[in-house]
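Chain by chain, the residues:
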Amino acid sequence: MIIFKSICLCYSARYHVAEPGIPQPLNQFLKVRDNCMRLIIVGGVAGGATAAARARRLCEDAEIILFERGEYVSYANCGLPYYIGRKIKERDELFVTTPERLERRYRIDVRTCQEVVHIDPEQKTVQVRNLETDEVVVEPYDRLILAPGARAMKPPIPGIDQGNIFHLKDVNDTDRVKAFVSGHSVASALIVGGGFIGLETAENLARLGIAVTVVEMLPQLLPQLDYDMAVHVHQHLREQKVKLILGQAVKRFDHQAGRITAVTDRDTDIHVDMVIVSAGIQPERELAEGAGLTIGETGGIYVDEHMNTSDGTIWAVGDAIETTDFVSGRKTRIPLAGPANRQGRAAADNAMGRKDALGGLLGTSIVKTFDIVAASTGMTEKCLKDEGLPYRTSFTHSLHHAGYYPDATMVSIKLLFAPDTGKILGAQVTGKNGVDKRIDVLAVAIYAGMTVYDLQELQLAYAPQFGSAKDAVNIAGYVAANMLKGDVQVRHWHELEQMDSHDYLLLDVRSTMEVRKEGVIPGAQNIDIDELRDHLDELDKTKTIIAYCTVSMRAYLACRILTQKGFRASILSGGWMTWLPIQQDREAQQQP
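Let me sum up the structure you'll find in this document.

## Description of the pattern of salt bridges
Moving on, step 1. All chains considered together, the criterion is met by 31 salt bridges.
Moving on, step 2. With a closest N to O distance of 2.8 Å, Asp175 and Arg91 form a salt bridge. Taken together, the residues Asp175 in helix 4 (residues 171–183) and Arg91 in the loop between helix 2 (80–84) and strand 6 (95–97) connect sequence positions 84 residues apart.
Moving on, step 3. One salt bridge connects Arg176 with Asp173, and the closest N-O pair in it is separated by 2.5 Å. Residue Arg176 and its partner Asp173 are located together in helix 4, separated by three residues, close to a single helical turn.
Moving on, step 4. The class of Arg176 is partly exposed, set by a relative accessible area of 46%.
Moving on, step 5. When salt bridges that share partners are traced, they join Arg38, Glu63, Asp109, Arg111 and Glu139 into one network.

Laid out in structure tokens, this is it:
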């Protein structure tokens, strides 16, 4: 019999019987004492450890047991590449907390290297295997929180199980990679997968002096971005001597004399000393499936807004679950640490008798690789198209702080908004500085249901070291609002490729010096904005004029002049700074 200290929540007495056929030590009656509560949490890291600590803060007298099949109960997944690259010096810095700290501070019974292998919701028991002794025991629960996480995807590529090929999902993976890099003469490495971990690993290996190649089966890196924003990351990585092979998948690994040749589906051979596979993750849902819990349409464990599964006494959180997109309301999976922490807190609240509901997720995310930062929130253009939702798009490029103050760098913003109300649907931001500030403001704006008109009015902090009197977010609002008011018509880079060049005239309103130095979009006519009024008679009124400049500010002025003089005029959204990286990326991808 398990003795509890005192009353926390009230339940009827229950007796649980181990299943027939299991080892003799399990085949005994287990009793949960009246008027007490036992909470079992499966899995640690972000969601599970947060749930455990929150549950203890809510109830001092509950028995809380956390089972973790690994050695470590809570560690910083996002810090793993930086430990490999020696940015994080000490291994201990990766650990957010330890079993000893959880036990000492929260009186939580933490059992590492113990895997929950079966849940019996009817009997309210879990079977737990001790991975060190192989002993299996049955434990009763009153409330159960699942935080099993996700496993690294292992594509079925011939040769992937042989030496010098690694994954990077947990601390043990990191130890193996670090030991190999430290103990061998590694001159070249291949990263398979262009997501967050892949790019962060690429940076850290490159900083160790290793020549890095990234291969990605999609035509772009970072699927959280649209292609026309991801190209900024492509361009920067190439400047850092990272080789990108996009739109190709590895079909096999050949091993010879300690080296690896990765062969792609386009028969590109990549010769390297080591490979790190970072091809995404899959939710660990087998435990939930075995318990008869509902699996959602996206493959994650179904939960409601209270993090409750299809069983009223079982909650689930983190990378294993299916959640709801805040903007579209569609089901999705968003494996990020921030949401996992909030879900763990909410699950603990509900498990301990409180009512706590979470809304949908924006999936706000950010990554830094070398000196470029890329971030997104809300829906991408691709997702909006897939969902059939109406939207409009604007591109803006603004300095991250006042231009007269030293070291100002460009921040690029792609804004997606509803064509009728101007409600913000999504945003993406890239740049070297100030990206985090802008994406956080835009995430709050989406969550608050703001429109592009509201962005114009935001009163953000200004000093020349931090921003401009009209912040980059304000500028994005002004441009989008001008579009909705009909003050300016907009064309996008991809529309130029679809239009008949006989029907429109590209007008470059930059200075002659800029054009000579930077180049021009093929077929464009150049008239300096300051001289435009004196050359209107040179323009064909039968054609639509598409004006552009570096970032579209002067092009907007040109359009205001032209439309009031009887021309059909529009601007190329984002101008030269949107068009050029796309062309450079296409040219780079065509090179062998």
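## Observations regarding the nonpolar core
Moving on, step 1. Core analysis: the largest hydrophobic core is formed by 49 residues, its most contacted members being Leu205, Leu221, Leu222, Val233 and Met274.
Moving on, step 2. Looking at this core, the element that brings in the most residues is helix 6 (residues 227–239), giving six residues.
Moving on, step 3. In this view, Leu221 contacts Gly194, Leu199, Val214, Glu216, Ala230, Val233, His234, Leu237, Leu244 and Leu246; residues no more than four positions away in its chain are not counted.
Moving on, step 4. Ranked by size, the runner-up nonpolar core spans 48 residues in total, among them Val429, Ile439, Leu484 and Ile545.

## As for a positive patch on the surface
Moving on, step 1. Side chains of Arg86, Lys87, Lys89 and Lys368 sit close together on the surface and give a patch of like positive charge.
Moving on, step 2. Within the fold, Arg86 resides in the loop between helix 2 and strand 6.
Moving on, step 3. Of the residues examined, Arg86 reaches a relative accessible area of 46% and is grouped as partly exposed.

## A word on the pairing of strand 29 (residues 424–431)
Moving on, step 1. Burial analysis of strand 29 places eight of its eight residues in the buried class, which makes it a mostly covered element.
Moving on, step 2. Here strand 26 (residues 372–378) pairs with strand 29 via six bridges, running antiparallel. For Ala375, the partnering residue across the bridge sits in strand 29 and is Val429.
Moving on, step 3. As paired elements, strand 28 (residues 410–417) and strand 29 share seven bridges and run antiparallel to each other. Within strand 29, the residue paired with Lys414 across the bridge is Gln428.

## Things to note about the packing of helix 1 (residues 45–58) against helix 8 (residues 337–351)
Moving on, step 1. Running from N to C, helix 1 and helix 8 cross one another at 35°; their axes reach a closest spacing of 7 Å. The chirality of how helix 1 crosses helix 8 is right-handed. Touching Ala46, Gly47, Thr50, Ala51, Arg54, Ala55, Arg57 and Leu58 of helix 1 are Ala337, Ala340, Asn341, Gly344, Arg345, Ala348 and Asp349, all from helix 8.
Moving on, step 2. Its residues assigned to classes, the contact of helix 1 with helix 8 comprises seven nonpolar, four polar and four charged.

Scoring rules and cut-offs
- Residues numbered from 1 in each chain as written.
- Predicted model: local features only at pLDDT ≥ 70, side-chain atom pairs only at ≥ 80, totals over all residues.
- Heavy atoms only, no water.
- Salt bridge = Lys/Arg side-chain N within 4 Å of Asp/Glu carboxyl O.
- Helix = DSSP H or I, 4+ residues; strand = E, 2+ residues; numbered from the N terminus.
- Buried < 20%, exposed > 50% of the residue type's maximum accessible area, 1.4 Å probe, protein only.
- Core = buried A, V, L, I, M, F, W, Y, C linked by side-chain atoms within 4.5 Å.
- Contact = heavy atoms within 4.5 Å.
- Patch = residues over 30% accessible without salt bridge, like charges linked within 9 Å, V, L, I, M, F, W, Y side chains within 5 Å.
- Areas by Shrake-Rupley, 256 points an atom, 1.4 Å probe, with all protein chains shown as cover.
- Lys, Arg positive; Asp, Glu negative; His and termini not counted.
- Charge placed at Lys NZ, Arg CZ, Asp CG, Glu CD.
- Pairing = 2+ DSSP bridges.
- Axes fitted to C-alpha atoms, helices over the stretch in contact; angles between N-to-C directions.
- Left-handed = near helix turned anticlockwise from the far one by under 90°.
- Nonpolar A, V, L, I, M, F, W, Y, C, P; charged D, E, K, R; others polar.

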